[in-house]
Amino acid sequence: MDFLNFLDFKITDIIDIVLVAALLYYIYKLVKGTVAINIFIGIVIVWALWKLTELLQMRMISSMVGGFMNIGLIALIIVFQQEIRKFLLMVGSTNFATKRNFLRYFKFLKQETISTNTNVEAIIGACERMGSTKTGALIVIERNNSLDFVKSSGDAMNIMITQPILESIFFKNSPLHDGAIVVQDNFITATRVILPVSNDRNIPLRFGLRHRAAVGITEKTDAVCLVVSEETGSISYIKNGEFVPFKGAEELIRLIKKDLD
């Protein structure tokens, strides 16, 4: 009888399974490539064992595993502190309450009203020129999350984006070249900004502090970053703490515009 009740699925049970699967998928994306992935897999195995013993009515082992799961909750919060922060940030950044996302739900508004104003072509043009001369650069483009907490570490600026302006800022003899710049809409709002550096051990050793800083800020916020390597002149695009592959400047421009819209 209990077995038949177990097979009696309702529509709410299907929704419940889909939501749990989606939650586990997003958590896996957050911890993929980090040391926490092994802990995550271990938790999933222990949780599955707990539910299996409950289903089979193995009361003793079920109570033991259940007690471990309940007591270990606080420890898990400590272990996954950065991942939980990133997950909550991701959830908050993808809701429709933000201005850009909210306007998409109104079809009668023109596309120009909700499209980005950032001059992405000028940014990529400057990155290519700086790459050809191996001039290091770190550009942070703000999206929904405020970057005021890092802007305060640098110099306030309010100048419209142009390719010559970007190249002059990162020119090796410029007093503003050290650190990152923050771009908001189509304006450079801060220069010489100090960013939090990621401690992710999976970042290849060939990448220096600029790349680690770009990974760090994109782990903590929904900003996107462009890095020009001073050693190789190559351009890197970083989002959600990960390097985004691309082929050529045109594809990179399309990627950035899509992420900013």
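Treat the numbers as computed from the prediction; the structure is a model and nothing was measured.

Now for the overall build of the chain. Scanning the chain from terminus to terminus reveals 12 helices and seven strands. For the chain, the residues scored as buried account for 36% of the 261 residues in total. Within the chain, residue pairs in contact and separated by at least 24 positions form 60% of the contacts whose partners lie at least 6 positions apart. Total accessible area on the chain is roughly 16200 Å²; 63% of this is exposed by carbon and sulfur atoms.

Helix packing for two helices is described by the angle between their axes and how far apart those axes are. Helix α12 (residues 248-260) packs onto helix α8 (residues 120-132) with a crossing angle of 140° between their chain directions and a minimal axis gap of 10 Å. One element, α8, and the other, α12, form an angle in the oblique class. Here α8 runs over α12; the crossing is right-handed. Contact residues: α8 offers Val120, Glu121, Ile124 and Glu128, while α12 offers Ala249, Leu252, Ile253, Ile256, Lys257 and Leu260. Of the residues contributing to the contact of α8 with α12, the split by class is seven nonpolar, no polar and three charged.

A separate point is the nonpolar core. Ile123, Ile139, Ile141, Ile181, Leu226 and Ile256 are the most contacted members of the largest nonpolar core, which totals 26 residues. For this core, the elements supplying multiple residues, two or more each, are α8, β1 (137-141), α10 (163-169), β3 (180-184), β5 (224-228), β6 (235-239) and α12. No other element matches α8, which puts seven residues into this core. Ignoring anything within four residues of it in the chain, the contact list for Ile141 reads Ile123, Val183, Ala223, Val224, Ile256 and Leu260. Residues Ala190, Ile217, Ala223 and Val227 belong to the second largest nonpolar core, which totals 19 residues.

All right, on to the pattern of salt bridges then. Counted under the stated rule, the structure contains seven salt bridges. Here Lys151 and Glu142 are joined by a salt bridge, their closest N and O atoms 3.4 Å apart. In this structure, Lys151 and Glu142 share a single accessibility class: buried. In this structure, Lys239 engages Asp259 in a salt bridge whose closest nitrogen and oxygen atoms are separated by 3.0 Å. Of this pair, Lys239 sits in strand β6 while Asp259 is found in helix α12, placing the two residues 20 residues apart along the sequence. Look at Lys239 and you get partly exposed, because its relative accessible area is 22%. Each of the salt bridges in this network shares a partner with another, and the network as a whole consists of Glu142, Asp148 and Lys151.

Next up on the list: the environment of Gly131. Within the secondary structure, Gly131 is located in helix α8. Note: C-alpha distance between Gly131 and Gly233 (102 residues apart in sequence) is 3.9 Å.

Turning our eyes to something else, we now look at the pairing of β1. For a regular strand, side chains alternate in direction, first toward one face of the sheet and then toward the other. With five of five residues buried, β1 is to be regarded as a mostly interior element. In the sheet, β1 pairs with β5 via five bridges, with the strands oriented antiparallel. Bridge pairing links Leu138 to Val227 in β5. Relative to β3, β1 is paired through three bridges, and the arrangement is parallel. Within β3, the position partnered with Val140 by the bridge is Val182.

The next thing to look at is the side chain of Ser198. The residue Ser198 is located in the loop between β4 (187-193) and α11 (209-220) in this model. In terms of polar contacts, Ser198 uses its side chain to reach the side chain of Glu219, at 3.3 Å. When neighbours within four sequence positions are excluded, Ser198 is seen to be in contact with Ile203, Arg212, Val215, Gly216 and Glu219.

Conventions we followed
- Residues numbered from 1 in each chain as written.
- Predicted model: local features only at pLDDT ≥ 70, side-chain atom pairs only at ≥ 80, totals over all residues.
- Heavy atoms only, no water.
- Helix = DSSP H or I, 4+ residues; strand = E, 2+ residues; numbered from the N terminus.
- Buried < 20%, exposed > 50% of the residue type's maximum accessible area, 1.4 Å probe, protein only.
- Contact = heavy atoms within 4.5 Å.
- Areas by Shrake-Rupley, 256 points an atom, 1.4 Å probe, with all protein chains shown as cover.
- Axes fitted to C-alpha atoms, helices over the stretch in contact; angles between N-to-C directions.
- Parallel < 35°, antiparallel > 145°, perpendicular 65-115°, else oblique.
- Left-handed = near helix turned anticlockwise from the far one by under 90°.
- Nonpolar A, V, L, I, M, F, W, Y, C, P; charged D, E, K, R; others polar.
- Core = buried A, V, L, I, M, F, W, Y, C linked by side-chain atoms within 4.5 Å.
- Salt bridge = Lys/Arg side-chain N within 4 Å of Asp/Glu carboxyl O.
- Pairing = 2+ DSSP bridges.
- Polar contact = N/O pair within 3.5 Å; in protein donor to acceptor, adjacent residues only side chain to side chain.

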